[in-house]
Amino acid sequence: MAVLILKLLFALLLPWIAGWAVISARKDTRDIPLLFKISLGYGLGMGFLSLWIFLLGVINVSFHVITISSPLFVLIILCISSALKNTSPPGKPSPFLTFFQMKNFSRPLMILSGLFCIYILYNIIFVFWRTLNIPLFVWDGYATIAYKAKVFYFNKGLIPLRHLPHSSYPLLLPLLETWISLTIGEWNDQLIKFFLPFTFVSYLCIHYYFLKTLTKNFWALFGTFLVVSSNFFVAFATVSYRDFFMLYYNCTTIFLLMLWNKQRIDTYLVLAAILSGMTTFTKLEGSGYFFIHLFFLTVLLTRTQTYCFKEKITRWLTFFTPGASVWLTFTAFKVSTNVPTSGRFRIFFPWEYLDRLPDIFSKFSWNLFLTGNWSLIWIILVLCLSYLTKRQKPEDAMQIAGLLLVFFLLYFFLSWITPNYISFAGHDAIDVLPRVILHFFPLAPVLITLILFSELPQISSGSGRHNN
């Protein structure tokens, strides 16, 4: 058992440390809290690992632990050597200590904060327990993910994707499950999910830090409490679907773009570019998300006065190049190996399907407001938005609101003018629609938090003496 645990930790920590080391090697990340860098390093490392395994498969190199891990060890050594030159000056407070700084709260805020922490911790424990005690059982976990991972594991490499079910689907999660199996030396329907709880915890840390940067500690805890109040959010952190990874990459990209826009830390822009590209290697919908991210960056660059036109183009390309490279690499591979397209994105003439509109509105409304998937989050959001229209409109809140609208419009038109109507507004909507909403659901708690923070100054000020 001890040996198995060590193998699992190796499989988890090697890519994680590699991602953290890459971030830490950048000079402009010196003052970023350690826990935030670790949380970002998780997604970056898992992305690097899956792409590296994929490239090995493309050039017909057999999958072995040493072959896969050796370059990651070299990357870690090089990056840590570089990071040691960028350590904080002596006497400067450790960034790690400022991540959860909650001193000088008033008594009511301390009590509420404690309750929020207990509830968040309870959900974290539940996610670990459910993931590590219940074997793989969900349909897509078998049919579109684990099946491929098992074939790759026993074949010790890729096989022509056209011979596999859902051959056009991206491979991030199957390759991560292959990596787990290679590391422990066996196929195990339960242990291949080992990394899922860490995805959950890493995202919560990113969610918290983003809100802490824009608001204060109490409101960051409140926003994190809101996101884990969703039954669907917590449940899907425990099952081997690609949707929670998509949530991680999609929302983290948006947060990084907004942080970059405020702080001008170029590493945030580079990380956002890579993570946006990883959405395209996670699910087919990621291609649309990449262009939404690109559109959002374009809006940010258009409105800023900080850069001249040439600098704006440079930063636009800084984002576009890594993200597009991931997307184009996998797309080119599918084309070159004659992988059939899914056919899900054929476009019909809108006026021929006007009769779909009532069903689309009905299914979307039903899912958001009349199921137990999201707690009361969407109802609270509607109330907050109706109040926001009558008062001040904070820029951060308006950006999140605009992005939420774009995501809903994307799926509205996919339901209307493509064969995806069946999945999003037809008989499959009960299962598929909430899963795609999950990809951007955390933006709703974030928006609620930003609105309340701007509208409730007496709570936002905490004790009135310090920035809480």
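Okay, so let's go over this structure. (Residues numbered from 1 in each chain as written. Predicted model: local features only at pLDDT ≥ 70, side-chain atom pairs only at ≥ 80, totals over all residues. Heavy atoms only, no water.)

1. Section: the overall build of the chain
Defined as follows: Put simply, DSSP H or I for four residues or longer makes a helix, DSSP E for two residues or longer makes a strand, and each gets a number counted from the N terminus. Using C-alpha atoms as the atom set, the radius of gyration is obtained and then compared with a globule rule of 2.2 Å times the number of residues to the power 0.38. Think of it in three bands: with a 1.4 Å probe and only protein chains considered, a residue is buried below 20% of the maximum accessible area for its type, exposed above 50%, and partly exposed in between. Throughout, a contact is declared for two residues whenever any of their heavy atoms are within 4.5 Å. A 1.4 Å probe and the Shrake-Rupley method give the accessible areas. Residues count as covered only by the protein chains that appear here.
Within the chain, the secondary structure is distributed over 20 helices and zero strands. Relative to the globule expectation of 23 Å for 468 residues, the C-alpha radius of gyration of the chain, 22 Å, shows essentially globular dimensions. Seen through its principal axes, the chain has C-alpha atoms that stretch 65 × 65 × 50 Å. Residue burial in the chain is summarised as follows: out of 468 residues, 54% are buried. Taking all contacts inside the chain whose residues are at least 6 apart in sequence as the whole, residues at least 24 apart take part in 80%. Element-wise, carbon and sulfur atoms account for 68% of the exposed surface of the chain, whose accessible area totals about 20,000 Å².

2. Comments concerning helix α11 (residues 266-280)
Every α-helical turn comprises 3.6 residues, leaving residues that sit three or four positions apart pointing alike. We apply this condition: Take the residue count of a helix, subtract one, and multiply by 1.5 Å to get its expected span.
The end-to-end C-alpha distance of α11 is 22 Å, a good match for the 21 Å that 15 residues give at a rise of 1.5 Å each. With 13 of 15 residues buried, α11 lies mostly within the body of the structure.

3. A few points about the side chain of K193
Using the following cut-off: Distance and chemistry together define a polar contact, namely a pair of N or O atoms within 3.5 Å, with one atom able to donate a hydrogen and the other to accept it when in protein, and with adjacent residues in sequence counting only for side-chain atoms on both sides.
Tracing the backbone through its elements, the reader meets K193 in the loop between α6 (172-184) and α7 (196-214). Polar contacts involving the side chain of K193 include one to the main-chain carbonyl oxygen of I134, which spans 2.5 Å.

4. Quick look at the nonpolar core
Condition: The nonpolar core is taken to be a set of buried Ala, Val, Leu, Ile, Met, Phe, Trp, Tyr and Cys residues, with the residues joined through side-chain atoms within 4.5 Å.
With 154 residues, the main nonpolar core has F233, F245, W378 and L443 as its most contacted residues. Sorting elements by how many residues they give to this core places helix α10 (residues 243-263) first, with 14 residues. Excluding its chain neighbours within four sequence positions, the residues that come into contact with W378 are L368, F369, L404, F408, I437, F441 and A444.

5. Quick look at the layout of surface pockets
How we decide: Cavity means a closed set of points on a 1 Å grid over the protein atoms alone, one where a 1.4 Å probe fits but cannot get out, pocket means an open set with protein on both sides within 12 Å along at least 5 of 7 lines, and lining means a residue has an atom within 4 Å of a point. Grid points are joined across faces, edges and corners, and a volume is the space filled by probe spheres set on the points. For this scheme, ten residues count as nonpolar: Ala, Val, Leu, Ile, Met, Phe, Trp, Tyr, Cys and Pro. Four count as charged, namely Asp, Glu, Lys and Arg, and the remainder, Gly too, count as polar.
Reported here for the second largest pocket is a volume of approximately 420 Å³. Lining the second largest pocket we find 17 residues, and of these L368, F369, W378, L405 and F408 sit closest to its centre. Elements represented by at least two residues in the lining of the second largest pocket include exactly α14 (357-369), α15 (377-388) and α16 (395-417). A per-class count over the lining of the second largest pocket returns 16 nonpolar, one polar and no charged.

6. Let's talk about the environment of S82
Along the chain, S82 turns up in helix α3 (residues 65-83). A residue is classified by how much of its surface remains accessible, and S82, at 28% relative accessible area, is partly exposed. Separated by 59 residues in the primary sequence, S82 and I23 have C-alpha atoms spaced 11 Å apart.

7. Description of the packing of aromatic side chains
Formally: When the centres of two rings from Phe, Tyr and Trp lie within 6.5 Å, Trp using its six-membered ring, the rings pair. Their planes under 30 degrees apart give stacked, over 60 give edge-to-face, and anything left gives tilted. By the criterion adopted, a ring carries a charge over it if an Arg CZ or a Lys NZ lies within 6 Å of its centre and within 35 degrees of its normal.
Inspection of every chain in the model, using the stated rule, returns 53 aromatic pairs. Centroid distance F36 to Y268: 6.2 Å. Interplanar angle 75°. Geometry classified as edge-to-face. Of this pair, F36 sits in helix α2 (residues 34-58) while Y268 is found in helix α11, placing the two residues 232 residues apart along the sequence. Exposure class is identical for F36 and Y268. Each is buried. Measuring from ring centre to ring centre gives 5.3 Å for F236 and Y241, while their planes differ by 55°; the resulting arrangement is tilted. No difference in accessibility class separates F236 from Y241, as the two residues are buried. The aromatic ring of Y153 is capped on one face by K156, whose charged end is 4.4 Å from the ring centroid. Stacked on the ring of W260, the Lys or Arg R264 has its end atom at 4.9 Å from the ring centre.

8. Focus on helix α19 (residues 443-455)
Look at α19: 18 Å from first C-alpha to last across 13 residues, which is about the 18 Å you get at 1.5 Å a residue. Within α19, eleven of the 13 residues are buried, which leaves it mostly tucked inside the rest of the structure. Taken as a whole, α19 has its buried residues at L443, A444, P445, V446, L447, I448, T449, L450, I451, S454 and E455.

9. Some points on the packing of α2 against α11
Going by this rule: Angles here are taken between N-to-C directions and fall from 0 to 180 degrees, while the axes themselves are lines fitted to C-alpha atoms, restricted in helices to the stretch in contact. Angles are sorted into four bins: roughly parallel if under 35 degrees, roughly antiparallel if over 145, roughly perpendicular if 65 to 115, and oblique for all others. Crossings are assigned a handedness: left-handed for a near helix turned anticlockwise from the far helix by less than a right angle, right-handed for a clockwise turn.
Interhelical geometry of α2 versus α11 gives an angle of 45° and a closest axis separation of 10 Å. Classed by the angle they form, the pair α2 and α11 counts as oblique. Seen along the crossing, α2 lies across α11 with a hand that is left-handed. Of the residues in α11, those in contact with F36, L40, G43, L44, G47, F48, S50 and L51 of α2 are Y268, L271, I274, L275 and M278.

10. Digging into the pattern of salt bridges
Worth spelling out the cut-off: A carboxyl oxygen of Asp or Glu within 4 Å of a side-chain nitrogen of Lys or Arg is what we treat as a salt bridge.
Here the structure, examined in full by the defined rule, presents eight salt bridges. E285 is the partner of K283 in a salt bridge, and the nearest nitrogen-oxygen pair spans 3.7 Å. A salt bridge links D431 to R435; the nearest nitrogen and oxygen atoms lie 3.3 Å apart. Of this pair, D431 and R435 both sit in helix α18 (residues 429-438), four residues apart, roughly one helical turn. Given a relative accessible area of 37%, D431 falls into the partly exposed group. We classify R435 as buried; its relative accessible area is 6%. Salt bridges sharing common partners tie together D140, D243, K283, E285, D431 and R435.

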